[in-house]
Amino acid sequence: MTEDISKSSNFTDPGVSGMVGDWASDKQTFDMPWGKLMMWIFLLSDTFIFSIFLTGYMNVRMSATEVWPNPSEVFALTIAGVHLPLLLIAIMTFVLITSSGTMAMAVNFAYRGDKRTTALLMAATALLGASFVGMQAFEWTQLIVHEGVRPWGNPMGAAQFGSIFFMITGFHGLHVSIGVLYLSIVAFKVARGDYEERGYAIVEITGLYWHFVDLVWVFIFAFFYLW
Amino acid sequence: MSSTTGQEHSIGIYLKVWILLFVLSTCSYLVDYFGAESYLRWSLILIFMFLKAGFIVAIFMHLSWERLALKYVLLLPPIAILVLIALMSIEGDYTNLSRHIFFER
């Protein structure tokens with residue numbers, strides 16, 4: 001980013017002087033639809049919620065004196081006699097990333113005014129999200145029924161494992177479920193042509209939420225399943 | 001709607017980032033598959049995690065095309081989280097130590 005002091009009052013300046021201009025000039029600071037800014041602010045607050053959950057998890061795991069159950073073993077699947085660690089979690093990760101890809105494309109097509117492709121891509125995103133929730137339900141069932149994990153204890157080691165697992169993945173799963181609902185509603189309204197006159201910023205806003213859900217999963221995958 | 005939110009770039013960039021995220025996820029899965037241990041494991045996990053998070057935020061969420069004012073609003077507050085993590089890890093260590101002292105006397 002090059003900065004030219006002589007043009008410091010230029011609102012299009014991408015650098016620091018442009019930022020000062022954005023804040024100091026007699027105009028709206030953030031030049032974007034209010035809904036988009038509010039979504040960003042909401043996601044910032046949600047970042048703090050998930051960070052606090054993960055920090056709590058770190059604290060509990062560090063202070064536990066019992067052995068922490070090995071996630072690689074707990075979440076392993078045996079398919080056709082082959083023992084595969086974390087297989088389901090890896091598939092869930094790929095599904096969520098793919099849904100993020102289709103969502104990003106939906107936003108692009110929305111701004112081109114192609115409502116049919118947009119609605120289809122959003123529906124695909126919602127479908128992938130729903131399959132993620134389905135796989136999570138399967139994972140929870142495995143853990144509760146077959147491995148005997150409870151929020152207050154489990155046969156593998158530190159009792160805190162269960163409560164942390166159910167709280168963090170449950171809260172994330174809730175986000176995915178709400179996202180599926182949100183996507184379905186917006187996709188339906190896009191297909192109906194509700195935004196032809198108002199513009200398609202709503203698709204981008206929905207996309208921000210959905211990418212955030214994917215973003216949170218990246219951190220859960222790294223800290224809970226892999227660490 | 002204002003033109004600043006328009007996204008004129010081609011679909012290609014999303015496909016590239018998507019493939020990249022796939023590769024990075026596979027890499028982080030392989031860290032577990034091959035059973036890397038200790039500092040090698042932790043640093044690889046963190047590297048792949050931050051790369052993935054960075055691409056999602058920068059490209060998919062379009063943050064790299066936003067104004068600097070918004071970038072700072074979103075990227076500065078999480079510094080407080082780093083402080084919390086530092087404090088809580090000190091506290092966690094202390095709790096662990098006191099439990100060992102208490103239970104293993």
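Position numbers for residues start from 1 in each chain and track the written sequence from start to end. Here chains are named by letter from A upward and ligands by number from 1 upward, in the order in which they appear as written. In keeping with the model being predicted, local features are shown solely for residues with a pLDDT of at least 70 and side-chain atom pairs are shown and tallied solely at 80 or more, while totals for entire chains, interfaces and linings include all residues. Each side-chain value is derived from all of the structure's non-hydrogen atoms; neither hydrogens nor water enter the calculation.

(A) Main features of the overall build of chain A. By definition, any uninterrupted DSSP run of H or I lasting at least four residues is a helix, any uninterrupted run of E lasting at least two residues is a strand, and each is numbered from the N terminus. The helix and strand inventory of chain A stands at seven helices and two strands. Taking 17 Å as the expected radius of gyration for a compact globule of 227 residues, we find that chain A reaches 22 Å, considerably beyond that expectation. Considered along the principal axes of its C-alpha atoms, chain A spans approximately 65 × 40 × 25 Å. When each of the 227 residues of chain A is scored for burial, the buried share is 53%. Every residue pair with non-hydrogen atoms within 4.5 Å of one another is taken to be in contact. When contacts within chain A are restricted to residue pairs at least 6 apart in sequence, long-range pairs at least 24 apart make up 69% of them. Carbon and sulfur atoms make up 68% of the accessible area of chain A, which amounts to about 9,900 Å² in all. When charges are tallied, Lys and Arg are placed among the positive residues and Asp and Glu among the negative ones, while His and the ends of the chain are skipped. Charge coordinates come from a single atom per side chain, which is NZ of Lys, CZ of Arg, CG of Asp or CD of Glu. Positive and negative charge centroids in chain A, built from 11 and 17 side chains respectively, lie 8 Å apart. Radius of gyration: over C-alpha atoms. The globule rule applied is 2.2 Å multiplied by the number of residues raised to the 0.38 power. Each residue gets one of three labels from its accessible area relative to the maximum for its type: buried under 20%, exposed over 50%, partly exposed in between, using a 1.4 Å probe on protein chains only. Here the open area of atoms and residues is found with the Shrake-Rupley method and a 1.4 Å probe, where only the protein chains shown may cover a residue.

(B) Expanded view of the overall build of chain B. Looking only at helices and strands, chain B has four helices and zero strands in total. In sequence order, the secondary structure elements of chain B are arranged as α-α-α-α. Dimensions of chain B along its principal axes, counting C-alpha atoms only, are 70 × 35 × 15 Å. Within chain B, the proportion of its 105 residues that are buried is 35%. Of the contacts formed within chain B by residues at least 6 apart in sequence, a portion of 56% connects residues at least 24 apart. Charged side chains of chain B number 7 positive and 7 negative; the gap between the two group centres comes to 6 Å.

(C) Spatial organisation of the interface of chain B and chain A. Of the residues lining the interface, 58 residues belong to chain B; the matching set on chain A comes to 67 residues. Of the roughly 5,400 Å² buried between chain B and chain A on both sides combined, carbon and sulfur atoms contribute 72%. Summed over the three residues of chain B that lose the most area to chain A, namely Tyr29(B), Met61(B) and Arg67(B), the buried surface amounts to 13% of that side. Any carboxyl oxygen of Asp or Glu within 4 Å of a side-chain nitrogen of Lys or Arg constitutes a salt bridge here. Run the count over chain B and chain A and you get two salt bridges. Here Lys36(A) and Glu66(B) are joined by a salt bridge, their closest N and O atoms 2.7 Å apart. By definition, the buried area sums, over both parts, the 1.4 Å-probe accessible area that each loses when the two are put together.

(D) Looking closely at the packing of aromatic side chains. Aromatic pairs are defined between Phe, Tyr and Trp rings, using the six-membered ring for Trp, whenever the two ring centres lie within 6.5 Å; interplanar angles under 30 degrees are classed as stacked, those over 60 as edge-to-face, and all others as tilted. Summed over the entire model, instances satisfying the criterion amount to 35 aromatic pairs over all chains. Taking the centre distance of 6.4 Å and the plane angle of 80 degrees together, the rings of Phe219(A) and Phe50(B) count as edge-to-face. Of this pair, Phe219(A) sits in helix H7 (residues 201–226) while Phe50(B) sits in helix H2 (residues 38–60), which puts the two residues in different chains. Relative to Trp42(B), the ring of Trp227(A) lies with its centre 5.8 Å away and its plane at 10 degrees, an arrangement referred to as stacked. With one member in each of two chains, Trp227(A) in the segment after H7 and Trp42(B) in helix H2 form a pair that bridges those chains. Classification of Trp227(A) by relative accessible area gives partly exposed; the value is 28%. An aromatic cluster of at least three residues, connected via ring pairs, comprises Tyr57(A), Trp68(A), Phe75(A), Phe132(A), Trp140(A), Phe161(A), Phe165(A), Phe166(A), Trp217(A), Phe224(A) and Tyr225(A). It is Arg112(A) that lies over the ring of Phe109(A); its NZ or CZ is 5.2 Å from the centre. Charge over a ring is defined by NZ of Lys or CZ of Arg lying within 6 Å of the ring centre and within 35 degrees of the ring normal.

(E) Representation of the packing of helix H4 (residues 87–111) of chain A against helix H5 (residues 115–146) of chain A in the model. All names here are of chain A. Only the stretch in contact is used when a helix axis is fitted, and all axes are lines through C-alpha atoms; the angle between N-to-C directions ranges over 0 to 180 degrees. H5 packs onto H4 with a crossing angle of 165 degrees between their chain directions and a minimal axis gap of 8 Å. The orientation of H4 relative to H5 falls into the category roughly antiparallel. Both H4 and H5 take part in a crossing whose hand is left-handed. A class-by-class count of the residues in the contact of H4 with H5 yields 17 nonpolar, eight polar and one charged. Angles below 35 degrees are treated as roughly parallel, those above 145 as roughly antiparallel, those between 65 and 115 as roughly perpendicular, and all remaining angles as oblique. Each helix crossing is assigned a hand: it is left-handed if the near helix lies turned anticlockwise from the far helix by less than a right angle, otherwise right-handed if that turn is clockwise. Residues are grouped as follows: Ala, Val, Leu, Ile, Met, Phe, Trp, Tyr, Cys and Pro are nonpolar; Asp, Glu, Lys and Arg are charged; every other residue, Gly included, is polar.

(F) Summary view of the nonpolar core. Within this scheme, the nonpolar core is defined by two criteria: the residues are buried Ala, Val, Leu, Ile, Met, Phe, Trp, Tyr or Cys, and they are joined through side-chain atoms within 4.5 Å. Counting residues in hydrophobic clusters, the biggest one holds 95 residues, and the most contacted among them are Phe75(A), Met122(A), Trp217(A), Phe224(A) and Tyr225(A). Counting only elements with at least two residues in this core, the list comes to helix H2 (34–63), H4, H5, helix H6 (160–192) and H7 of chain A together with helix H1 (12–33), H2 and helix H3 (68–75) of chain B. With 17 residues, H7(A) is the largest single contributor of residues to this core. Contacts of Met122(A), omitting those with residues within four sequence positions, involve Met103(A), Ala106(A), Leu183(A), Val186(A), Ala187(A), Val190(A), Val203(A) and Thr206(A).

(G) Layout of the confidence of the model for chain A. The predictor's confidence in any single residue is recorded as pLDDT, a number from 0 to 100. Per-residue confidence for chain A gives a mean pLDDT of 90; residues scoring 70 or more make up 95%. In this model, residues 5–9 of chain A is a region of pLDDT below 50 whose contacts with residues beyond four sequence positions or in other chains number two contacts.

(H) Examining the side chain of Asp46(A) more closely. Turning to its location among the elements, Asp46(A) is positioned in helix H2. Residue contacts for Asp46(A): discarding those within four places in its chain leaves His175(A) and Phe212(A).

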